[in-house]
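Structural overview for review
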Amino acid sequence: MRVMVLGATGGSGGRIVNRLLAEGVTPRAAVRGAGPHRALRAAGADPVRFDLLSSPAELAAALDGTEVVLNAAAAAGVQEAPAVDRDGVIAAIDAAQKVGVRRWIQVSMAGVDDPDRLPGLLRSVAAAKRVADDHLTGSALAWTILRPPWLTDEAATGRIAFRVTEQSRLSRTDLAAVAVSAIDRPATHGRILEICNGSTPVERALAGLAAATGPTESAR
Ligand SMILES: NC(=O)c1ccc[n+]([C@@H]2O[C@H](COP(=O)([O-])OP(=O)(O)OC[C@H]3O[C@@H](n4cnc5c(N)ncnc54)[C@H](OP(=O)(O)O)[C@@H]3O)[C@@H](O)[C@H]2O)c1
């Protein structure tokens, strides 16, 4: 399985890379600069130069040969979110379809459907992510959208819930477990999952989706 992780140098993306490696998958790890290449290669990943601000042709060339994209990239600052999290992701989704990517797992954020519940600074980020999410849901890709609340670097609990509140948090390591486990779970295709740390083991929570109905799993 040829998997590419966008944002592989980030907190969540790095954990997704590690999770894939632990499961015997050699991921293509998308990085903007040359700096992280050596460490990623030493860890067993396959680093690829990739910038969401690149041209459509460059995005297509970078994604060519990929079957599954896990997108954990995010703009470094709020002001860059429209260019990176919205326009860059939309361009990458379009490029992915042109080169035959079949599956796209998108890390979005909880609250994009109701930005008023977010702190003011995050509302423009949420708006950018919402447009990109909508573009993905209208694409021909087999998509899954994960919408976590505030992410932490705490140790994994291995347990999640699909009911996000203002107090909810999610460990990036648990997010990585969900993202990787979702790859081969058809029940997650076409689903928007608001996830946070909870009490149900990740595998059981995802397996339970088979019986669920509706595109958004936000209140279980
Ligand atoms: N942080 C939170 O509490 C939170 C809450 C809810 C949802 N989320 C979402 O969860 C995801 C992961 O968040 P995180 O905090 O773990 O990520 P992060 O540590 O901020 O990492 C962001 C990654 O995106 C990459 N990136 C930035 N600009 C890029 C560009 N133009 N092209 C390609 N890659 C680019 C960064 O690369 P460089 O290393 O080169 O900068 C980095 O690898 C993001 O989608 C974020 O919006 C985050």
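These lines cover the structure that appears in this document, whether it is placed above or below. (Residues numbered from 1 in each chain as written. Predicted model: local features only at pLDDT ≥ 70, side-chain atom pairs only at ≥ 80, totals over all residues. Heavy atoms only, no water.)

**Focus: the sheet that holds strand β11 (residues 196-197)**
Read from one edge to the other, the open sheet built from 3 strands follows the order β11-β8-β12, with strand pairing classed as antiparallel. This sheet does not close on itself; its edge strands, each paired only once, are β11 and β12 (200-201). Sheet analysis places strand β8 (residues 159-161) next to β11, joined by 2 bridges and oriented antiparallel. Bridge pairing links A161 to C196 in β11. (Pairing = 2+ DSSP bridges. Helix = DSSP H or I, 4+ residues; strand = E, 2+ residues; numbered from the N terminus.)

**Side note on the layout of surface pockets**
Looking at the largest pocket, its volume works out to about 1200 Å³. Taken together, 47 residues form the lining of the largest pocket, with A74, A75, K129, L151 and R172 sitting closest to its centre. Elements that contribute at least two residues to the lining of the largest pocket include exactly α1 (11-22), β2 (28-31), α4 (81-98), α5 (120-137) and β7 (150-152). Partitioned by chemical class, the residues of the lining of the largest pocket number 27 nonpolar, 11 polar and 9 charged. (1 Å grid on protein atoms, 1.4 Å probe; cavity = no way out; pocket = protein on both sides within 12 Å on 5 of 7 lines; lining within 4 Å. Points joined across faces, edges and corners; volume = space filled by probe spheres on them. Nonpolar A, V, L, I, M, F, W, Y, C, P; charged D, E, K, R; others polar.)

**Here's the deal with α4**
The end-to-end C-alpha distance of α4 is 24 Å, a good match for the 26 Å that 18 residues give at a rise of 1.5 Å each. When the local axis directions of α4 are compared, the greatest deviation, roughly 30°, occurs at G88. Those residues of α4 lying buried are A81, V84, D85, G88, V89, I90, A92, I93, A95 and A96. The inward-facing, buried residues of α4 abut α3 (56-63), β4 (68-71), β5 (103-107) and α5. Following α4 by one or two positions, G100 adopts a phi angle in the positive range, close to 90°. (Expected span 1.5 Å × (residues − 1). Bend = angle between axes of the 7 residues up to and from the residue. Buried < 20%, exposed > 50% of the residue type's maximum accessible area, 1.4 Å probe, protein only. Contact = heavy atoms within 4.5 Å.)

**A look at the site of the ligand**
Taken together, 22 residues are adjacent to the ligand, and T9, S12, R32, K129 and R172 come closest. One of the backbone N or O atoms of G7 is found 3.2 Å from an oxygen atom in the ligand. With respect to the ligand, the side chain of T9 contributes an N or O atom lying 2.5 Å from an oxygen atom. When each cavity is represented as a set of grid points, the ligand is found to reside in the largest pocket. Listing elements by their share of the shell around the ligand, those giving two or more residues are α1 and β7. For the shell around the ligand, the per-class residue count stands at 12 nonpolar, 6 polar and 4 charged. (Near = heavy atom within 4 Å. Polar contact = N/O pair within 3.5 Å; in protein donor to acceptor, adjacent residues only side chain to side chain. Sits in = over half its atoms within 2 Å of the grid points.)

**Brief notes about the packing of α3 against α4**
Where α3 meets α4, the axes come as close as 9 Å, and the angle between the chain directions of the two elements is 55°. Here α3 is positioned oblique relative to α4, judged by the angle of their axes. Where α3 crosses over α4, the handedness of that crossing is right-handed. Touching P56, L59, A60 and L63 of α3 are G88, A91, A92, A95 and A96, all from α4. Tallied by class, the residues present in the contact of α3 with α4 amount to 8 nonpolar, 1 polar and no charged. (Axes fitted to C-alpha atoms, helices over the stretch in contact; angles between N-to-C directions. Parallel < 35°, antiparallel > 145°, perpendicular 65-115°, else oblique. Left-handed = near helix turned anticlockwise from the far one by under 90°.)

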